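Okay, here's what each chain looks like letter by letter:
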Amino acid sequence: MGFTEKQEALVKESWKVMKQNIPEHSLRFFTLILEMAPAVKNMFPFLKDSDEIPQNNPKLKTHALIVFKMTCDSAIQLREKGQVVLRDVPLKHLGSVHLEKGVVDSHFEVVKEALLGTIKEAVGESWSDEMGGAWGEAYDQLAATIKTQMEEEA
Ligand code: HEM
Ligand code: ISQ
């Protein structure tokens, strides 16, 4: 079954809530990632040299925003076209950046869990398994696109 209108609506609806507090959710996102995979810290230049996650680093916000937004966009595209086509960043570049940083499959799983956890906390009562499923599928398809490119670059 393809991505449904309902799934797209669930993603968009929760994204609207998320957008209202990007600084907080960005911080939470990175915190969850580092709890699950502490070594990821050394991959991000703006985290590497500090003991704690910087509270007010614009780069942290921009980076988290990229992943939130691209996953949301992926949901829209899955609904519209049945597949993910990257609009903002060339796929080739994305493949090589992640390959160079040493990103592996398990990292993609960590980022997925952290993303879902962040959204769950952000939307509170509005959360449902269906909402999680919609975000999860949008993320999986986006991750698969990047991973395929990484294999080609390798
Ligand atoms: C960089 C997206 C998964 C680690 C980037 C960039 C984008 C991006 C757009 C910026 C490229 C640039 O500025 O040139 C995504 C998306 C992902 C994903 C959409 C999943 C669907 C991951 C995972 C990891 C990771 C699983 C590892 C934990 C990094 C690192 C950078 C990066 C370390 C470079 C940061 C820097 O040098 O400032 N990613 N990424 N990414 N990503 Fe990801
Ligand atoms: C992966 N790639 C780029 C930015 C990110 C920010 C937070 C978590 C994962 C990321």
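The following paragraphs examine the structure supplied in this document. (Residues numbered from 1 in each chain as written. Chains lettered and ligands numbered in written order. Predicted model: local features only at pLDDT ≥ 70, side-chain atom pairs only at ≥ 80, totals over all residues. Heavy atoms only, no water.)

A word on the overall build of the protein chain. Of regular secondary structure, the protein chain possesses seven helices and zero strands. When the helices and strands of the protein chain are placed in sequence order, the string is α-α-α-α-α-α-α. What you see for the protein chain is a C-alpha radius of gyration of 15 Å, in line with the 15 Å of a compact globule of 154 residues. With respect to the principal axes defined by its C-alpha atoms, the protein chain has extents near 45 × 40 × 25 Å. Residues counted as buried form 43% of the 154 residues belonging to the protein chain. (Helix = DSSP H or I, 4+ residues; strand = E, 2+ residues; numbered from the N terminus. Rg over C-alpha atoms; globule rule 2.2 N^0.38 Å. Buried < 20%, exposed > 50% of the residue type's maximum accessible area, 1.4 Å probe, protein only.)

So, on to the environment of D51. Here D51 is to be found in the loop between α3 (45-48) and α4 (58-81). In this structure D51 comes out as exposed when scored by relative accessible area, which is 78%. Distance in space between the C-alpha atoms of D51 and E100 is 24 Å, their sequence separation being 49 residues.

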